[in-house]
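# Fold and contact review
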Amino acid sequence: MILHLIFTFAILCIATAGDPNILTDFVTLNNTIDANYFTFIGMRQLVGGEYPTTFKALKVSMNEFPTLNGQSVSYAILEFPVGSINPVHIHPRASELMFLVSGSLQVGFVDTSNKLYKQSLQVGDIFVFPKGLLHFQYNNDTKEPALAISAFGSANAGTQSIPTSVFNTSIFGGILDASFHATRTTIRKIEHGLEG
Ligand SMILES: *[C@@H]1O[C@H](CO)[C@@H](O)[C@H](O)[C@H]1NC(C)=O
Ligand SMILES: *[C@@H]1O[C@H](CO)[C@@H](O)[C@H](O)[C@H]1NC(C)=O
Ligand SMILES: *[C@@H]1O[C@H](CO)[C@@H](O)[C@H](O)[C@H]1NC(C)=O
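Scoring rules and cut-offs
Every chain is numbered on its own, with residues counted from 1 as its sequence reads. Just so you know, chain letters begin at A and ligand numbers begin at 1, following the order they were written in. Whole-chain, interface and lining totals are the exception, using all residues; otherwise, since this is a predicted model, local features are given only for residues with pLDDT of at least 70 and side-chain atom pairs are given and counted only at 80 or more. With hydrogens and water excluded, all non-hydrogen atoms of the structure serve as input to the side-chain values. Helix and strand definitions follow DSSP, with helices as H or I runs of at least four residues and strands as E runs of at least two, each counted in order from the N terminus. For every residue, the accessible area (1.4 Å probe, protein chains only) is compared with the maximum for its type, and the residue is labelled buried under 20%, exposed over 50%, or partly exposed between those bounds. Throughout, a residue-residue contact means that at least one pair of heavy atoms, one from each residue, lies within 4.5 Å. Accessibility throughout is a Shrake-Rupley quantity obtained with a 1.4 Å probe, and a residue counts as covered only by protein chains that appear here. UniProt positions are given in the numbering used here, feature names are shortened, and annotations may be inferred rather than shown by experiment. In protein, a polar contact means a hydrogen-donor-capable atom and an acceptor-capable atom, both N or O and within 3.5 Å, with residues adjacent in sequence counting only if both atoms are side-chain atoms; elsewhere, any N or O pair within 3.5 Å suffices. Here the rule is simple: two strands pair whenever DSSP picks up at least two bridges between them. Where helices are involved, their axes are fitted lines through C-alpha atoms of the stretch in contact, as for all axes, and angles between N-to-C directions lie from 0 to 180°. In this scheme, roughly parallel covers angles under 35 degrees and roughly antiparallel covers those over 145, while 65 to 115 is roughly perpendicular and the rest are oblique. Put simply, Ala, Val, Leu, Ile, Met, Phe, Trp, Tyr, Cys and Pro go in the nonpolar bin, Asp, Glu, Lys and Arg in the charged bin, and everything else, Gly too, in the polar bin. Each Phe, Tyr or Trp ring, with Trp reduced to its six-membered ring, pairs with another whose centre is within 6.5 Å; inter-plane angles below 30 degrees give stacked pairs, above 60 give edge-to-face pairs, and intermediate values give tilted ones. Only one rule defines a salt bridge in this text: a Lys or Arg side-chain nitrogen within 4 Å of an Asp or Glu carboxyl oxygen. The criterion for a residue being near a molecule or strand is simple. One of its heavy atoms has to lie within 4 Å of it.

Here we come to the overall build of the chain. Helix and strand counts for the chain stand at four helices and 10 strands. Principal-axis analysis of the C-alpha atoms places the extent of the chain at approximately 60 × 55 × 30 Å. With 196 residues in all, the chain has 28% of them scored as buried. For the chain, the share of sequence-separated contacts (at least 6 apart) that also reach a separation of at least 24 residues comes to 69%. Summing over all exposed atoms, the chain offers an accessible surface of approximately 12,700 Å²; the carbon and sulfur share of this is 62%.

Attention shifts here to the UniProt feature "binding site: oxalate" (unreviewed entry) in the chain. Per the UniProt record, "binding site: oxalate" (unreviewed entry) is annotated on Asn86, His91 and Glu96. With respect to the secondary-structure elements, Asn86 resides in strand β3 (residues 85-90). With relative accessibility at 11%, the residue Asn86 sits in the buried group. In this structure the side chain of Asn86 is engaged in a polar contact, spanning 2.8 Å, whose partner is the side chain of Gln137. On the basis of relative accessible area, His91 is assigned to the buried category, the value being 7%. His91 has contacts with Glu96, Lys131, Gly132, His135, Phe152, Ala157, Gly158 and Thr159, leaving out every residue within four places of it along the chain. In this structure the side chain of His91 is engaged in a polar contact, spanning 3.3 Å, whose partner is the side chain of His89.

Reading across the sheet, the five strands line up as β1-β2-β9-β4-β7 and stay open at both edges, with antiparallel pairing between neighbours. The sheet is open, and its two borders are formed by β1 (56-60) and β7 (126-129), each paired with just one other strand. The average undirected angle you get between the axes of adjacent strands in this sheet is 20°.

Where helix α3 (residues 173-180) meets helix α4 (residues 184-195), the closest approach of the two axes is 9 Å, and the angle between their N-to-C directions is 110°. Between α3 and α4, the crossing angle belongs to the class labelled roughly perpendicular. For the pair α3 and α4, the contacting residues are Gly173, Leu176, Asp177 and Phe180 in the first and Arg184, Ile187 and Glu191 in the second. Its residues assigned to classes, the contact of α3 with α4 comprises three nonpolar, one polar and three charged.

What the rule picks out here adds up to eight aromatic pairs. With a centroid separation of 4.8 Å and an interplanar angle of 40°, the aromatic rings of Phe55 and Phe80 are classed as tilted. With Phe55 in the loop between α1 (2-15) and β1 and Phe80 in strand β2 (residues 74-80), this residue pair connects regions lying 25 residues apart in the sequence. On the numbers, 5.3 Å between centres and 35° between planes, the contact of Phe167 with Phe180 is tilted. Taken together, the positions of Phe167 in helix α2 (residues 162-167) and Phe180 in helix α3 put the pair 13 residues apart, joining distant regions of the chain. Of the aromatic side chains, those joined through ring pairs into one cluster are Phe109, Tyr117, Phe127 and Phe129.

Moving on, we get to the pattern of salt bridges. Side chains carrying opposite charge are able to pair once their charged atoms draw close together. By the definition in use, this model includes three salt bridges. Residue Arg184 is joined to Asp177 by a salt bridge in which the shortest nitrogen-to-oxygen separation is 2.8 Å. Arg188 serves as the salt-bridge partner of Glu191, at 2.7 Å between the closest nitrogen and oxygen. A residue pair is termed a helical-turn pair when its members lie 3 or 4 positions apart in one helix, as Glu191 and Arg188 do in helix α4 at three residues. Each of Asp177, Arg184, Arg188 and Glu191 takes part in a single network of salt bridges with overlapping partners.

Time to look at the site of ligand 1. Near ligand 1 you find Asn30, Thr32, Ile33 and Asp34, and these make up its full shell. With respect to ligand 1, the side chain of Asp34 contributes an N or O atom lying 3.2 Å from an oxygen atom. In the complex, 35% of the free accessible area of ligand 1, which totals 360 Å², lies under the protein chains. A class-by-class count of the residues in the shell around ligand 1 yields one nonpolar, two polar and one charged.

Have a look at this one:
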């Protein structure tokens, strides 16, 4: 019985290691597709484009590029003007493999024992943020913007921004006060800041 349970658990672990497998080469309802179905041209806007004035993430997941459904991969192009941050967040369904194309970045993640792993990245460096762990990126340079490309091991990695999920949803205020051992006034100040 116990062996059986262990065996079942092992199979479940294998089955949930990434996006579900599909039983076809790719997913489509259109039987006259051609190579265009496998091409995403939405990033052409980046070529010769200006840097944004605030942090910007351009995603290419199955929401933007439905062909990725079933392929277990996606991208995000991250643009960091001087001094900008990508606030603490989590991707529940995938690890993130980030390649720094230009500029410099301060990055870090926290594991489940609350140990912080932080790094200063320079152009050409690749950093991996393990699946489901809290992380952030920050361009601390005073002159150079930074550009990074992140690959994800899921067609729909998902993002939970911690400031928004905690302070800009309808979680009962008393829960937050008690969770953070803070007064209602302090929590309200944070909430107000995010309401914009
Ligand atoms: C099916 O694919 C063809 C070739 O890419 C395209 O011209 C056509 O608009 C598509 N049809 C639908 C319903 O998406
Ligand atoms: C940002 O750079 C300044 C000046 O080099 C330094 O004092 C500060 O600690 C840096 N902050 C982070 C978060 O790396
Ligand atoms: C907080 O929620 C409001 C209302 O849903 C929204 O307009 C605002 O953009 C959110 N702020 C952040 C920082 O997500």
